[in-house]
Amino acid sequence: MEQILLTGIFMFALFFLLGSGVWVGLSLLGVALIGMELFTNRPAGDAMITTIWTSSSSWTLTALPLFIWMGEILFRTRLSEDMFRGLAPWMANLPGRLLHSNIVGCAVFAAVSGSSAATVTTVGKMSIPELRRRGYPERMIIGTLAGAGTLGLLIPPSLTLIVYGVTINESITKLFIAGVVPGIVLAMLFMGYVAGWSFVRKSEVPPPEPKMSFGEKIRESRFLIPVMLLVVSVIGSMFLGWATATEAASFGVVGSLVLAAAQGSLNRETFLTSLMGAVRTSAMIALILAGASFLSLSMGFTGLPRALAEFIATLQLSPVALIVALTLFYIVIGCFLDGISSVVLTMAVVEPMIRQAGIDVIWFGIFIVVVVEMAQITPPIGFNLFVLQGMTEHQINYIALAALPLFLLMVVMVGLLVAFPELALWLPEQVRDAPGG
Amino acid sequence: MRDRLVTAGRLIRPVLDALYNASGVLAAIALLAILVIIVAQMVARWTAVSFPGGTDYAGYAMASASFFAFSYALNHGSHIRVSLFLQRLGGGKRRAAELWCYGVGGFLASYFAWFAIKAVRVSYKLNDISQGQDATPLWIPQMVMAIGTLIFAVALVDRFVCIVFGAPITPEHEGSDRAHAE
């Protein structure tokens, strides 16, 4: 009985601190402290410092600020213009025409940036006005952009996957590589949707673009090719085992500095703003991770994760039923918390549960990212919705409705992941081990 | 009395702002250091030169980049919070809620800083050495955590005091930075 009361206080404190607007990282720290005081006699303060110091000074974590910085540098180049110009000629003959450049553009930018909102901003800055000028329906422009923007979380480098990997101590390289195939499949699903739309609503499709020869197409995308090469070498070096995630990230930073310099968009100001932007974003995530590492220690003492895992085991749920339940759980959490916070907050409890159920943790990482992506395009706080609202001045509800078909495709994606776990698991098995771990 | 405090506050203001910015600059230098260390480590591997302790140094630089940036990020509204409830409040209620947040935050950060300082003293006294190949005395890198969180605590308490004295609640420009993390 006492145990239940204490657990009740603990959970109440968690929701109260988070809900009242205390910064997520500090809320987690506070709840963890309360947990330590309630459930053990250990000196809470010293345990806190040891845990947080170990997690904050970890070498694995260094991939995080580096990948953020790489995205920040490329974000400030001319990439957005080059992206549309370079992609449009290749998409013009597909059914659904230039709308595909939204999706492919997002997939490409997702591969240089770990963030989905930055993806939406960069691609949309150029493609929204260009597509509007050509008379594509607004609903389709906004919907495809909102949906495809979420690829930023799935296609490596993905900040959410780094955070997940650090939280459960799994190889970030493996997680990154695991995201590649599902990312491509999801992009194909989105493109299939655009193609389907062009057949069903023939009258909405604008007239074709003027024809271009192969040489002209290449010339139009000459600025995009170096970026593609950078992407391929960053991901490829990890896949071939030449570099760890951190090393690939530092290669990415150097490569994007060189690209920016070659384009003439690198100067003192852009260098410093990209660096300081990366410092702030990485500190924001580091504070959450610091709080979360202490919380997971404290959670261990509460016995809550173990009890919950045992409870789930007694329910004799099939893994599929468990996954359905967790999907709903994360969609609800996603209504209140951002992706990274919801991953770190729940992993202390969910990890024992999935290990007990025999679910592969790499697979689960991809699953959780797809589900968290869905939350990005659902109200009330879907983040991509806010970004698009800022860019287009449409109502949130209009944007959410435009993105609804893509949301449903993500549900299909979760189904595919469950039905064919190899989608996420086959490629990582082919990864060679990097030297020096 | 109140006037005197306000005058004192005006005098300290530039000092504190300079402190937060300096802290941010240190964090940026640490981020550059991470890049340099990792690149040096790769070059060392290719040229078969040994660079013992590189991973540990990168870890210390990571901790510096995080802890020094906490206060800087706070002042730019980069730290994530659930603002669903806060946004619905207006006027006095909003101020009270913000005071609660900065109060709780200030307390927790101070608690953290207190024990971080204690950890540095203990490591120094016991002459704790890193387990890694670098064999650094641990109190040196841990000092970063102590100083960084102390400045973070000061920044939170600073905002708390400002709001008590009627400073406007800084506009929510949280979207700008969050956009890069999601």
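Residues numbered from 1 in each chain as written. Chains lettered and ligands numbered in written order. Predicted model: local features only at pLDDT ≥ 70, side-chain atom pairs only at ≥ 80, totals over all residues. Heavy atoms only, no water.

## As for the overall build of chain B
The line we're drawing: Comment: elements are numbered from the N terminus, with helices defined as DSSP H or I runs of at least four residues and strands as E runs of at least two. Between the two quantities, the radius of gyration covers C-alpha atoms and the globule rule is 2.2 Å times the number of residues to the power 0.38. The rule is simple: take the accessible area with a 1.4 Å probe, protein chains only, and divide by the maximum for that residue type; under 20% is buried, over 50% is exposed, in between is partly exposed. Whether two residues touch is decided by their heavy atoms; if any such pair falls within 4.5 Å, the residues are in contact. Here the open area of atoms and residues is found with the Shrake-Rupley method and a 1.4 Å probe, where only the protein chains shown may cover a residue. Two residue types count as positive, namely Lys and Arg, and two as negative, namely Asp and Glu; His and chain ends fall outside the count. In plain terms, the charge of a residue is placed at NZ if it is Lys, CZ if Arg, CG if Asp and CD if Glu.
Counting its regular elements, chain B contains five helices and zero strands. Whereas a compact globule of 182 residues would reach a radius of gyration of roughly 16 Å, chain B reaches 20 Å, over 25% beyond that. With the C-alpha coordinates of chain B rotated into their principal frame, the extents come out at 65 × 40 × 30 Å. Every one of the 182 residues in chain B was classed for burial, and the buried ones make up 48%. Considering only residue pairs separated by 6 or more positions, chain B has 73% of its internal contacts joining residues 24 or more positions apart. Accessible surface computed for chain B: about 9,000 Å², of which carbon and sulfur atoms make up 69%. Averaging the coordinates of the 15 positive side-chain charges in chain B and doing the same for the 11 negative ones gives two points 9 Å apart.

## Remarks on the interface of chain B and chain A
Basically, it comes down to this: Think of a salt bridge as a Lys or Arg side-chain nitrogen and an Asp or Glu carboxyl oxygen that are within 4 Å of each other. Two N or O atoms count as a polar contact when they lie within 3.5 Å, although within protein this holds only if one can serve as hydrogen donor and the other as acceptor, and sequence-adjacent residues are included solely when both atoms are side-chain atoms. Residue polarity follows a fixed list, in which Ala, Val, Leu, Ile, Met, Phe, Trp, Tyr, Cys and Pro are nonpolar, Asp, Glu, Lys and Arg are charged, and the others, Gly among them, are polar.
The interface is formed by 60 residues belonging to chain B together with 69 residues belonging to chain A. Linking chain B with chain A are two salt bridges, by the criterion used here. Salt-bridge contacts for Asp46(A) lead to Lys118(B); the nearest nitrogen and oxygen are separated by 3.1 Å. Where chain B meets chain A, there are seven residue pairs in polar contact (both at pLDDT 80 or more). Contributing elements (two or more residues each) for the side of chain B that touches chain A: α1 (2–46), α2 (54–75), α3 (91–126), α4 (139–164) and α5 (174–178) of chain B. Residues of the side of chain B that touches chain A, tallied by class, amount to 42 nonpolar, 12 polar and six charged.

## Considerations on the pattern of salt bridges
Residues and elements named next belong to chain A. All chains considered together, the criterion is met by 15 salt bridges over all chains. A salt bridge links Glu138 to Arg132, with the nearest nitrogen and oxygen atoms 2.7 Å apart. You can call Arg132 partly exposed: its relative accessible area is 37%. Several salt bridges converge on common partners, so that one network encompasses Glu130, Arg133 and Arg134.

## Considering the packing of aromatic side chains
Rules: Within 6.5 Å between ring centres, the rings of Phe, Tyr and Trp (the latter by its six-membered ring) count as paired, and their orientation is classed by plane angle as stacked under 30 degrees, edge-to-face over 60, tilted in between. Both a distance and an angle decide whether a charge sits over a ring: NZ of Lys or CZ of Arg must be within 6 Å of the ring centre and within 35 degrees of the ring normal.
Enumeration according to the criterion identifies 18 aromatic pairs over all chains in this entry. Its guanidinium or amino end placed over the ring of Phe75(A), Lys125(A) lies 5.7 Å from that ring's centre, counting from NZ or CZ. Positioned over the ring face of Trp23(A) is Arg81(B), at 4.4 Å from the centre of the ring.

## A look at the environment of Met347(A)
All names here are of chain A. Along the polypeptide, Met347 turns up in helix α18 (residues 339–356). Classification of Met347 as buried rests on a relative accessible area of 1%. Filtering out sequence-adjacent residues up to four positions away, Met347 remains in contact with Tyr164, Thr167, Ile168, Tyr330, Pro352, Phe364 and Ile368.

## Side note on the confidence of the model for chain B
Detailed reading of predicted coordinates is not advised where the pLDDT is low. Residue and element names in this part refer to chain B. Defined as follows: Confidence of the predictor at the level of single residues is given by pLDDT, which spans 0 to 100.
On average, residues of chain B score 86 in pLDDT, and 93% of them are at 70 or above. Long-range and interchain partners of residues 171–180, a stretch whose pLDDT sits below 50, account for 27 contacts in this model, where long-range means more than four residues apart. Confidence metrics for the complex model read pTM 0.89 and ipTM 0.92.

## What to know about a nonpolar patch on the surface
All names here are of chain A. Put simply, the rule reads: Only residues whose relative accessible area exceeds 30% and that form no salt bridge are eligible for patches; like-charged ones are grouped when within 9 Å, while nonpolar side chains (Val, Leu, Ile, Met, Phe, Trp, Tyr) are grouped when within 5 Å.
A cluster of nonpolar residues, Trp90, Phe214, Ile218, Ile225 and Leu229, forms a patch on the protein surface that exposes about 490 Å² of accessible area. Contributions of two or more residues to the nonpolar patch are made by α12 (214–220) and α13 (224–239). The topology assignment puts Leu229 in helix α13. The class of Leu229 is exposed, set by a relative accessible area of 56%.

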